[in-house]
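Structural overview for review
Here is how the chains run, residue by residue.
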Amino acid sequence: MRVLLVGDHPPPFGGVAIHVQQLHRFLRSRGVEAKVLDIGKGGRPVPDVLPVRSPAHFGLRLTGFLASGWTVHVHTSGNNPKAWLLAAMVAGVPAGRAPRFITLHSGLLPDYLAASAARRAFARVALAGYTRIIAVSLAVREALLSCGVPAEKVLVQPAFCASQVQAGEVPVKVEAARARRRPLLTMAHHPSPVYGRKVAFRALRKLMESHPDVGLALFGPGTDSEEFIRDARELGVAGQLEVLGELDHPAALGLIARSDV
């Protein structure tokens, strides 16, 4: 078996990229020849992770793997037009006879598809070329079935690989935060409002009334932005924050293991 994973690969350290990284490691640990076509931002070199920087480059690399008989497994959110264009592109390449799989990761997918009949029709066409469609939840599965995707093609499987979840060493600043905060809360941060930064800050403000030593550790992108700093000041929690920036996944798991909440 030879497997080509298509999707984002860290950094940044979050979301679909982590699932792709973990599955890649898992396959390699089981002796499967596996590579990743990294369609994300890319980062430091990783063995068998191949960055692509344009649609033309991506198409050429993908066609080459398909023509050589590689099984292709696409990982994408399914909650925006770019994700569905990717799904359609991979399914539509005429080269190769090996099976093609796709995992649809986002909990926002059902609402995205429900908003438009045209979206549902495009999703049905885009998924027609896949042997198996993996939904990360029952809600995602039901949304796909509402598009007319055959039920026998859809498998519900959480995007989680337990053998790869291993807490690692943490930076000194994490240990320092642990030492001075009681309790220590931890939050994965992203600039998107979906992650609820203002909600967390308002909750922290309320906790300060009964727990004056409380601290909120945040890791992820966007913690150095003007908007982040403004929200922290306006909501009166700047002095309670432990801003850690982006952490690789083992370090993030180590931070979570050391946190109270």
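Residues numbered from 1 in each chain as written. Predicted model: local features only at pLDDT ≥ 70, side-chain atom pairs only at ≥ 80, totals over all residues. Heavy atoms only, no water.

Its place among the elements puts Arg 124 in helix H5 (residues 117–127). Taking the relative accessible area as the measure of exposure, Arg 124 reaches 38% and is therefore partly exposed. Once the C-alpha coordinates of Arg 124 and Val 3 are considered, the two residues, 121 residues apart in sequence, prove to be 24 Å apart. Look past the residues within four positions of Arg 124 in its chain and what remains in contact with it is Cys 147, Gly 148 and Val 149. (Helix = DSSP H or I, 4+ residues; strand = E, 2+ residues; numbered from the N terminus. Buried < 20%, exposed > 50% of the residue type's maximum accessible area, 1.4 Å probe, protein only. Contact = heavy atoms within 4.5 Å.)

Bringing the packing of aromatic side chains into the picture now. Tallying each qualifying case throughout the model produces 2 aromatic pairs. Measuring from centroid to centroid gives 5.0 Å for Phe 65 and Trp 70, while their planes differ by 80°, and the two rings are edge-to-face. Take Phe 65 and Trp 70: they sit in the same class, and that class is buried. A ring pair is formed by Phe 201 and Phe 228, whose centres lie 5.6 Å apart and whose planes are at 80°; its orientation type is edge-to-face. Taken together, the residues span a long stretch of sequence, with Phe 201 in helix H8 (residues 197–210) and Phe 228 in helix H9 (residues 226–234) at a distance of 27 residues. The residues Phe 201 and Phe 228 share a single accessibility class, namely buried. Positioned above the aromatic ring of Tyr 112 is the side chain of Arg 119, whose terminal nitrogen or guanidinium carbon lies 4.0 Å from the ring centre. (Phe/Tyr/Trp six-rings, centres within 6.5 Å; stacked < 30°, edge-to-face > 60°. Lys NZ or Arg CZ within 6 Å of the ring centre and 35° of its normal.)

We now examine the packing of H8 against H9. Where H8 meets H9, the axes come as close as 10 Å, and the angle between the chain directions of the two elements is 25°. Here H8 is positioned roughly parallel relative to H9, judged by the angle of their axes. Pair H8 / H9 crosses with right-handed handedness. For the pair H8 and H9, contact is made by Arg 197, Lys 198 and Phe 201 and by Glu 227, Phe 228, Asp 231 and Ala 232, respectively. (Axes fitted to C-alpha atoms, helices over the stretch in contact; angles between N-to-C directions. Parallel < 35°, antiparallel > 145°, perpendicular 65-115°, else oblique. Left-handed = near helix turned anticlockwise from the far one by under 90°.)

For Arg 181, the position within the fold is in the loop between helix H7 (172–180) and strand S8 (184–188). On the accessibility criterion, Arg 181 (10% relative accessible area) is buried. The residues contacting Arg 181, other than those within four sequence positions of it, are Asp 213, Val 214, Gly 215, Gly 239, Gln 240, Leu 241 and Glu 242.

Our focus in this paragraph is the pattern of salt bridges. Inspection of every chain in the model, using the stated rule, returns 9 salt bridges. One salt bridge connects Arg 258 with Glu 175, and the closest N-O pair in it is separated by 3.1 Å. Of this pair, Arg 258 sits in helix H10 (residues 249–258) while Glu 175 sits in helix H7, placing them 83 residues apart in sequence. Ionic pairing is found between Arg 181 and Glu 242, a salt bridge with its closest N-O pair at 2.7 Å. With Arg 181 in the loop between H7 and S8 and Glu 242 in strand S10 (residues 241–243), this residue pair connects regions lying 61 residues apart in the sequence. Neither residue differs from the other here; Arg 181 and Glu 242 are each classed as buried. (Salt bridge = Lys/Arg side-chain N within 4 Å of Asp/Glu carboxyl O.)

Taken across its 6 residues, strand S1 (residues 2–7) has 5 buried, putting it largely inside the fold. Where S1 and strand S2 (residues 33–38) come together, 6 bridges link them in parallel fashion. Across the sheet, residue Arg 2 finds its bridge partner in S2, namely Glu 33. In terms of handedness, the path from S1 via helix H1 (residues 16–29) over to S2 forms a crossover that is right-handed. Pairing of S1 with strand S4 (residues 71–76), which is carried by 4 bridges, proceeds in the parallel orientation. (Pairing = 2+ DSSP bridges. Right-handed = clockwise from strand over helix to strand, strands pointing away.)

Before going further, it helps to spend a moment on the sheet that holds strand S6 (residues 132–135). As summarised here, the arrangement of the 7 strands in space is S3-S2-S1-S4-S5-S6-S7, forming an open sheet in which the pairing is parallel. The open sheet terminates on both sides in strands that have one partner only, identified here as strand S3 (49–51) and strand S7 (154–156). Across the sheet, the mean angle from the axis of one strand to that of its neighbour is 20°, orientation sign disregarded. Sheet analysis places S6 next to S7, joined by 3 bridges and oriented parallel. Residue pairing across strands places Ile 134 opposite Leu 155, the latter belonging to S7.

A separate point is the sheet that holds strand S9 (residues 215–219). Read across the open sheet, the 3 strands follow the order S8-S9-S10; overall the sheet is parallel. Of all the strands in the sheet, just S8 and S10 have a single pairing partner and so form its edges. Strand-to-strand, the axes of this sheet are offset by a mean angle of 25°, without reference to chain direction. Sitting on the sheet, H8 touches S8, S9 and S10, and the angle it makes with S9 is about 160°.

Purely geometric numbers; function is a separate question.
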